Amino acid sequence: MDPRHSTSSDPAEGTYSDFIPPSRPFAPSSSPAPQAGSVRSSHIDTSSIPDNEPYRDDPTNRGSDFYPPPSPNNSTALLPGVSSAPRAAAAYGTYDSSSGAGKRGGSKRRVVIVSAIVALIVLILAVVLPVYFLVVRKHNNDSAAASSGSGDSGANGNGGDGDSNSSNPKSNIVVGGDGSTVTTDSGETFVYKNQFGGYWVSSDTDPFHPSVAAQPNSWTPPLNQTWQWGKDRVYGVNLGGWFVLEPFIAPALFQAYPSASDEWSLSALMRADGTLKDTMEKHYATFITEKDIAQIASAGLNWVRLPIPFWAVSTWSDVGVDSNGKTQSEPFLEGVAWPYIVRLLHWARKYGIRVNLDLHAVPGSQNGYNHSGKSGQINFLNGIMGIANAQRTLDYIRIITEFVSQPEWQDVVQMFGIVNEARPIKIGMDQMSAFYLEAHNMMRSITGIGKGPYISMHDGFMGLSKWEGFLPGADRMVIDTHPYFAFSGNKQTSPIATGTDPNDAGGQWPGLACNSWGSSLNNSRKAFGVTIAGEFSNGYNDCGLYLQGVNGTTSYGGNCVEEWEDSSKWTAETKAGVKAFALASMDALGDWFFWTWKIGPALDGVVRSPLWSYQLGLENGWMPTDPRQALGKCASIGIKGSGFSGQFKSWQTGGAGAGTISPDATQAFGDWPPRTLTGYSEDEMSLLPTYTATGSIPTLTYTTPAASGSATPTVSVGNGWADASDTQLVATAVAGCTYPAAWGAANMPVPTARC
């Protein structure tokens, strides 16, 4: 039943006021019940998916175990003129119509004036104090040291020539706030605009100096201060389509090759005509620039989620023999993206943006969607090459963990999503659980307990409640969910352009977001631990060029091209409705990453999936210029729901008890490789192809794209390997063995003998 019209009194469904989280602990299950999943964008041909298998993450297509009807987080974080504390805690409380959050009506003029003065003082202090402590005081100390005979003069900064910039000649540290001029490594300049007290900090020669700790806004801690989950709130965006192509995000690339449907086929075509490296490197260099990261900070955001592929590290030229007897090689552009990824990490440091690095594509494909590299089959932990592909995946996770866990990057990369949108409904819950446990143990053996990035795992479209009680005692694991209405398969023609009054704009959609998502995430925060929405969008319908794939069809029910593919035709009512939906979604989700920051134009110059572009929404008025405007939105439209106190258990955030995983969980999932894969007996498992750990390690190194005017650090940049004691070699093919094609073996028979 569609929950928008549900009047059921069944306790299993509950209501917004009486929902009780399921009390059952996480338990292994060899055959998970089919549940609705989500695919963000252009996915595999639906003919390859069984008719009885829902795979989209849409609350309207789910039971109460997914997104229970109750509503979201009461968020009372700092709003302009509300609190004198620049980092007031944002409570995840139950909505209360008697609270001030989202409440209509006026307050006394005197309170408003006093609050405005206090806010102005806070803003001034937020700009002046960081510059003083980071630059002026440091400069005075350096000058004193020099006069006493240190003799270390250092280099001059080149971070900008505006009056608002401050520099420290000794450490080459440059700081700039609102109105300062930024000079990029290519010599271009732009004016930094930040009305929220944010400031940037950089040093060409000593980029890892402790003082290079910028702050994007007054309510977010600088990078060298601890992020406090439950107090600090994630206002984030994805940088989708940059290093992992998606047709709807970079449509012009696919329009030039009409037969391409994913990065595998596009890369093969470009490789054949000799344009692969030039085309992709141009895309890496121009799709997202430093100015984008500055704009993200200026928009009041504080995190980015960065999807990356395994081929940023390496590819294999021989991944087995296909059904035609031809050796299959991975066509992706190997390693060229990595310098641009490192450059992004530098930009994030410069503007105080924390990074959730997300391994979006792994060998064999973990979901069969085009954003896994190759649409079609799932060959990760599935099919006869499932174990072999998982072996490679663990190696890539390990190599990336070693790099980001170096002291140089720990303050920047504070979360690592290890496999995006893997599908347990195909792979199996027990198999994914065993993989997550193995990855956790491997990563923490590198970082140590309480150190290194948080480990993010996706809910696999199974619903957050399926993971309650998973791996109790694990060190800083995060559950990530991707709620979308767009892919329900239903006609989504209920109007969103219902007026311009912010209090009732958006029709049913703001209320549906509040009711569908808020309590689900808050209940997960209580039952699992840190819970985020790693993706969501304004796409309440599935309109957008290539959104459902290059050859996909939409279920919207109206005229997508005329109504939704060109935002220049949108009315004021449409923009107000989309904005109301965005605010409700943000308020309900609490800690979120919008998908995505930027949608590239089609060949006609028009952004044809505008509902999915945060940047375009900012420029045209359907996204908030301050994300805190979302706080209290659900309460303002009369929706109450399950709350969260903001207090996590100590072990969930790396404190006492972290790393002491329950013996029951270890017993249930501690075997690696798993005893079985879905569809295979234990006897058949002994015949499945595997790799041997005798290959050389492809260590990631510090490197950035060459650019005119860029400086070279004069300090250590690390060797790419945080744990010198980690000397285990990586997976490679067993000499003399012939393997089935690793990306096309899901339906191949079990070998009759082990190689």
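A quick note: this is a predicted structure, and the numbers were derived from the prediction, not measured. Residue positions are given per chain, counting from 1 as you read along its sequence in written order. Since the coordinates come from a predicted model, pLDDT governs what is reported: local features require at least 70, and pairs of side-chain atoms require 80 or more to be given and counted, while whole-chain, interface and lining totals use all residues. With hydrogens and water stripped out, all remaining heavy atoms of the structure feed into the side-chain values.

A.B. asks: Outline the overall build of the protein chain, listing residues and values.
C.D. replies: Runs of E in the DSSP output that reach at least two residues are strands. Runs of H or I that reach at least four are helices, and both are numbered from the N terminus. When you go through the protein chain residue by residue, the secondary structure sums to 16 helices and 15 strands. For every residue, the accessible area obtained with a 1.4 Å probe (protein chains only) is divided by the maximum for its type, and the residue is called buried under 20%, exposed over 50%, and partly exposed between those limits. By residue count, 58% of the 755 residues in the protein chain fall in the buried class. Residue contacts follow a heavy-atom distance rule, with two residues in contact if any of their heavy atoms lie within 4.5 Å. For the protein chain, the proportion of contacts with a sequence separation of at least 24, taken over those separated by at least 6, is 76%. Roughly 27500 Å² of accessible area belongs to the protein chain as shown, and the carbon and sulfur atoms make up 51% of that amount. Residue exposure ignores everything except the shown protein chains as possible cover, and the areas themselves are Shrake-Rupley values with a 1.4 Å probe.

A.B. asks: Give me the lowdown on helix α3 (residues 263–272), citing residues and values where you can.
C.D. replies: Listed as buried for α3 are E263, W264, S265, L266, S267 and M270. Tucked inside the fold, the buried residues of α3 contact α2 (251–255) and α4 (276–286). Just downstream of α3, G274 is the residue with a positive phi angle, here 80 degrees.

A.B. asks: Talk me through the side chain of S636; I want residue IDs and the actual numbers.
C.D. replies: Following the sequence through the fold, S636 ends up in helix α14 (residues 633–636). For S636, a relative accessible area of 15% translates into the label buried.

A.B. asks: So what's going on with the pairing of strand β7 (residues 303–309)? Which residues, and what values?
C.D. replies: Most of β7 is tucked away, with seven of its seven residues classed as buried. Paired strands are those between which DSSP finds at least two bridges. Here three bridges tie strand β6 (residues 235–238) to β7, and the two strands are oriented parallel to one another. The residue bridging G236 from the neighbouring strand is W303, located in β7. By the bridge criterion, seven bridges tie β7 to strand β8 (residues 354–361) in an arrangement that is parallel.

A.B. asks: Help me get a handle on empty space enclosed by the protein, residues and values and all.
C.D. replies: Points on a 1 Å grid, built from protein atoms alone, make a cavity when a 1.4 Å probe fits but cannot get out and make a pocket when they are open with protein on both sides within 12 Å along at least 5 of 7 lines; residues with an atom within 4 Å of a point are the lining residues. Grid points are joined across faces, edges and corners, and a volume is the space filled by probe spheres set on the points. Counted according to the given criterion, the structure contains three cavities of 30 Å³ or more. Every residue lining the second largest cavity is counted, 10 residues in all, and those nearest its centre are Y235, M586, G590, W592 and L631.

A.B. asks: Give a description of the nonpolar core that names residues and reports values.
C.D. replies: The set of buried Ala, Val, Leu, Ile, Met, Phe, Trp, Tyr and Cys residues whose side-chain atoms join them within 4.5 Å is what this entry labels a nonpolar core. If you look at the biggest cluster of nonpolar residues, it comprises 172 residues, and the most contacted ones within it are L239, W242, L306, Y351, V355 and W612. By residue number, the principal contributor to this core is helix α7 (residues 386–404), which donates 10 residues. The residues touching W242, leaving out its near neighbours within four places in the chain, are H283, Y284, F287, I288, L306, Y340, L344 and W347.

A.B. asks: Requested: an account of the state of the cysteines, with residues and values cited.
C.D. replies: Each disulfide is one covalent bond, formed between the sulfur atoms of two cysteines. Any pair of cysteine sulfurs within 2.5 Å is marked as a disulfide. Enumeration over the complete set of coordinates arrives at three disulfides. What pairs with C543 in a disulfide is C560, and their sulfur atoms sit 2.0 Å apart. Measuring handedness by torsion sign, the sulfur bridge of C543 and C560 sits at about -65 degrees and is left-handed. Of this pair, C543 sits in the loop between β12 (531–533) and α11 (560–564) while C560 sits in helix α11, placing them 17 residues apart in sequence. As far as the burial class goes, C543 and C560 line up, both buried. Paired by a disulfide, C737 and C755 hold their sulfur atoms 1.6 Å apart. The sign of the S-S torsion, about -110 degrees, decides the handedness of the disulfide formed by C737 and C755: left-handed. Here C755 lies in the segment after β15 (730–732) and C737 lies in the segment after β15, a separation of 18 residues in the sequence.

A.B. asks: Would you mind going over the environment of A635 in detail, with residue names and values included?
C.D. replies: Of note, A635 is situated in helix α14. Looking at A635, the relative accessible area reads 15%, which means it is buried. In this structure, the C-alpha to C-alpha distance between A635 and A584, residues 51 residues apart in sequence, is 9.5 Å.

A.B. asks: An account of unusual backbone geometry is needed here, citing residue identities and associated values.
C.D. replies: Of the consecutive residues W595 and T596, the connecting peptide bond is found in the cis state with omega at 10 degrees. With respect to the helices and strands, the residue T596 is situated in the loop between β13 (592–594) and α13 (614–620). The amide bond that connects W672 to the next residue, P673, takes the cis arrangement and shows omega of -5 degrees. Mapping P673 onto the fold places it in the loop between α15 (663–669) and α16 (682–685). Positive phi values are uncommon outside glycine, yet F461 reaches one of about 65 degrees. Judged by relative accessible area, which is 3%, F461 ranks as buried. The residue L471 is not glycine, and still its phi comes out positive at about 45 degrees. Among the structural elements, L471 can be located in the loop between β10 (454–458) and β11 (477–481). A residue is classified by how much of its surface remains accessible, and L471, at 1% relative accessible area, is buried.

A.B. asks: I'd like a rundown of the pairing of β11, residues and numbers included.
C.D. replies: The element β11 is largely enclosed, with a buried count of five among its five residues. Residues M477, I479 and T481 point to one face of β11 and V478 and D480 to the other, with burial holding for every one of them. Pairing geometry for β10 and β11, over four bridges, is parallel. If you follow M457 over to β11, its bridge partner there is I479. Alignment of β11 against β12, held across three bridges, turns out to be parallel. Paired with T481 across the strands is A533, a residue of β12.

A.B. asks: Explain the packing of aromatic side chains to me, using residue names and the numbers behind them.
C.D. replies: Two rings belonging to Phe, Tyr or Trp (six-membered ring only in the last case) form a pair when the distance between their centres is within 6.5 Å. Interplanar angles under 30 degrees mark stacking, angles over 60 mark edge-to-face geometry, and anything in between is tilted. Applying the stated rule across the entire model yields 50 aromatic pairs. Where Y192 meets Y351, the ring centres are 5.6 Å apart and the plane angle is 45 degrees; that geometry is what we call tilted. Of this pair, Y192 sits in the loop between β4 (189–191) and β5 (200–202) while Y351 sits in helix α6 (residues 338–351); the two residues are 159 residues apart in sequence, bridging distant segments of the chain. Y351 carries the same exposure label as Y192, and that label is buried. On the numbers, 6.4 Å between centres and 20 degrees between planes, the contact of W409 with Y702 is stacked. One end of the pair, W409, is in the loop between α7 and β9 (413–417); the other, Y702, is in the loop between β14 (692–695) and β15, and 293 residues separate them in sequence. Judged by relative accessible area, which is 0%, W409 ranks as buried.

A.B. asks: An account of the environment of P502 is requested, with residue identities and associated values reported.
C.D. replies: Following the sequence through the fold, P502 ends up in the loop between β11 and α10 (509–527). Among the residues examined, P502 registers a relative accessible area of 56% and is labelled exposed. Taking C-alpha positions, P502 is 6.5 Å from A580, a pair spaced 78 residues apart along the chain.

A.B. asks: Give me the lowdown on the pattern of salt bridges, citing residues and values where you can.
C.D. replies: Should a side-chain nitrogen of Lys or Arg be within 4 Å of a carboxyl oxygen of Asp or Glu, the pair is scored as a salt bridge. Applying the stated criterion to the full structure yields 16 salt bridges. One salt bridge in this structure joins K350 and E290, with 2.7 Å as the shortest N-O distance. Here E290 lies in helix α5 (residues 290–298) and K350 lies in helix α6, a separation of 60 residues in the sequence. No difference in accessibility class separates K350 from E290, as the two residues are buried.

A.B. asks: Can you explain the environment of A348? Please cite residues and give values.
C.D. replies: Looking at where A348 falls in the secondary structure, it is placed in helix α6. Taking the relative accessible area as the measure of exposure, A348 reaches 1% and is therefore buried. Between the alpha carbons of A348 and N302 there is a distance of 9.5 Å; along the sequence they are 46 residues apart.

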